[in-house]
Amino acid sequence: MSDKGLNILLAEDDPNFGIVLKDYLELHDYEVTLCPDGCQAITAFRKGSFDLCILDVMMPEKDGFTLAREIKKLQPDMPLIFLTAKTMREDMLEGFKIGADDYITKPFDSEVLLYKIKAIMHRKGGSAATEKPEATEYNIGHYRFQYKLRLLHYNGDIQKLSPKETELLRLLCQHLNDVMPRDEALLRIWHEDSYFTGRSMDVYIAKLRKYLRHDPAVEIINIHGQGYRLCAHNGVML
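Residues numbered from 1 in each chain as written. Predicted model: local features only at pLDDT ≥ 70, side-chain atom pairs only at ≥ 80, totals over all residues. Heavy atoms only, no water.

A.B. asks: How should the sheet that holds strand 10 (residues 179–181) be read in this particular structure?
C.D. replies: Hydrogen bonds between backbone groups are what pair the strands of a sheet, and the pairing can be parallel or antiparallel. Strand order in the open sheet formed by three strands is 10-12-11, and the pairing between neighbours is antiparallel. Since the sheet does not close on itself, it has two edges, and those belong to strand 10 and strand 11 (218–223), each with one partner. Looking at each pair of strands side by side, their axes are set apart by 25° on average, direction ignored. Both strand 10 and strand 12 (residues 227–232) contribute to a ladder of three bridges, which runs antiparallel. Note on strand 12: the bridge partner recorded for Met180 is Tyr228. Across the face of the sheet, helix 7 (residues 182–190) comes into contact with strand 10 and strand 12 while running at roughly 50° to strand 10. Of the strands in this sheet, strand 11 and strand 12 are in contact with helix 8 (residues 195–211), which crosses strand 11 at around 155°. (Pairing = 2+ DSSP bridges. Helix = DSSP H or I, 4+ residues; strand = E, 2+ residues; numbered from the N terminus. Axes fitted to C-alpha atoms, helices over the stretch in contact; angles between N-to-C directions. Contact = heavy atoms within 4.5 Å.)

Here you go:
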């Protein structure tokens, strides 16, 4: 299913920015309902049918976090992107705890937002309504990864993974053949996006590359300024 024509709920209290962003998304064939505050947004959500919500964090009447919690109660699998003018770590962690799929700090490149929407909907299988149950086993080329058991199998050999190796490999598998955003991995696994946690993640990426080195069809590519891509010609989820 194409992500074109998806219905997006946009909650943004800045009228100029909201209209510009709405027009931009509509130019790319999205259907957008713009609401200037959280109260109007939850009313629109209850009345409409949406595939994705883009929520400003700081809004009058009802802030984005409160709005997101109410949306998640009504539809737990609804994809969410938060917009914020602040870069506070606590706010980003709060957003991901609520269930955010991504977090964008203003000002931002509009093309980056389009990319994030496409990536989220790709992971969701086209729409929230068609989301598949979370996979617990993955085929990565000739490897088999058992997430719950923290085991990586290859030709009869078994590699036991550490908890962080397991979570990082799973996140890479969830973005298989697509970019795994660096900040998403740091916040979801390390709960902090800093220089030191970034270096720590690089060490774990190096370990995973070592574990996956036996299959030439599998590689983890560094995407400069964005994150990593796990490439596998025949990787599938079970």
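A.B. asks: Would you take a moment to explain the pairing of strand 2 (residues 31–35) for this structure?
C.D. replies: Looking down a regular strand, the side chains alternate between one sheet face and the other. Across five bridges, strand 1 (residues 7–11) lies against strand 2 in parallel orientation. When the sheet's bridge partners are listed, Ile8 is paired in strand 2 with Val32.

A.B. asks: Looking at this model, I keep getting lost on the nonpolar core. Mind explaining?
C.D. replies: Nonpolar side chains in soluble globular proteins generally cluster together in the buried interior. Counting residues in hydrophobic clusters, the biggest one holds 31 residues, and the most contacted among them are Ile140, Phe145, Leu168, Leu169, Leu172 and Leu230. Listing elements by their share of this core, those giving two or more residues are strand 6 (137–140), strand 7 (143–146), strand 8 (151–154), helix 6 (163–174), helix 7, helix 8, strand 11 and strand 12. Counting 26 residues, the second-largest nonpolar core is a separate cluster that includes Cys35, Ile42, Leu93 and Ile98. (Core = buried A, V, L, I, M, F, W, Y, C linked by side-chain atoms within 4.5 Å. Buried < 20%, exposed > 50% of the residue type's maximum accessible area, 1.4 Å probe, protein only.)

A.B. asks: Please clarify how the sheet that holds strand 2 should be interpreted in this entry.
C.D. replies: Ordered by their spatial adjacency, five strands build an open sheet running 2-1-3-4-5, and the pairing between neighbours is parallel. The sheet is open, and its two edges are formed by strand 2 and strand 5 (102–105), each paired on a single side. The mean inter-strand angle of the sheet, taken between neighbouring strand axes irrespective of direction, is 20°. Of the strand pairs in this sheet, strand 3 (residues 52–56) and strand 4 (residues 80–84) are connected by four bridges, and their pairing is parallel. Residue pairing for strand 4: Leu55 is matched across the bridge by Phe82. Packing of helix 1 (residues 15–27) onto the sheet brings it into contact with strand 1, strand 2, strand 3 and strand 4, and relative to strand 2 it is tilted by some 170°.

A.B. asks: Just to check I follow, could you spell out the state of the cysteines for this structure?
C.D. replies: When the sulfur atoms of two cysteines share a covalent bond, that bond is a disulfide. Under the defined criterion, the tally for this structure stands at zero disulfides. Among the cysteines around Cys35, which has no disulfide bond, Cys53 carries the closest sulfur, lying 9.6 Å off. For Cys35, a relative accessible area of 4% corresponds to the buried category. On the basis of relative accessible area, Cys53 is assigned to the buried category, the value being 0%. (Disulfide = S-S within 2.5 Å.)

A.B. asks: Is there a simple way to think about the confidence of the model for the chain in this case?
C.D. replies: Keep in mind that low pLDDT regions are not for reading the predicted coordinates in detail. When the pLDDT values of the chain are averaged, the result is 85; 89% of them are 70 or greater. Here residues 126–132 is modelled with pLDDT under 50, and outside its nearest four sequence neighbours on either side it reaches 16 contacts, counting other chains as well. (pLDDT = per-residue confidence, 0-100.)

A.B. asks: Just checking my understanding: could you explain the packing of aromatic side chains for this structure?
C.D. replies: Two aromatic rings are characterised by how far apart their centres lie and by the angle between their planes. Inspection of the entire model under this criterion finds eight aromatic pairs. Feature note: the residues Phe65, Phe82 and Tyr103 constitute an aromatic cluster, connected by ring pairs. Over the ring of Tyr204 we find Lys207, and its NZ or CZ is 4.9 Å from the ring centre. (Phe/Tyr/Trp six-rings, centres within 6.5 Å; stacked < 30°, edge-to-face > 60°. Lys NZ or Arg CZ within 6 Å of the ring centre and 35° of its normal.)

A.B. asks: Is there a simple way to explain helix 5 (residues 110–123) in this structure?
C.D. replies: Residue pairs three or four apart in sequence face the same way in an α-helix, which turns once every 3.6 residues. Given a rise of 1.5 Å per residue, 14 residues ought to cover 20 Å, and the 20 Å separating the end C-alpha atoms of helix 5 matches this to within 8%. Buried within helix 5 we find Leu113, Leu114, Lys116, Ile117, Ala119, Ile120 and Met121. Its buried side turned inward, helix 5 meets strand 1, helix 1, strand 3, strand 4 and strand 5. (Expected span 1.5 Å × (residues − 1).)

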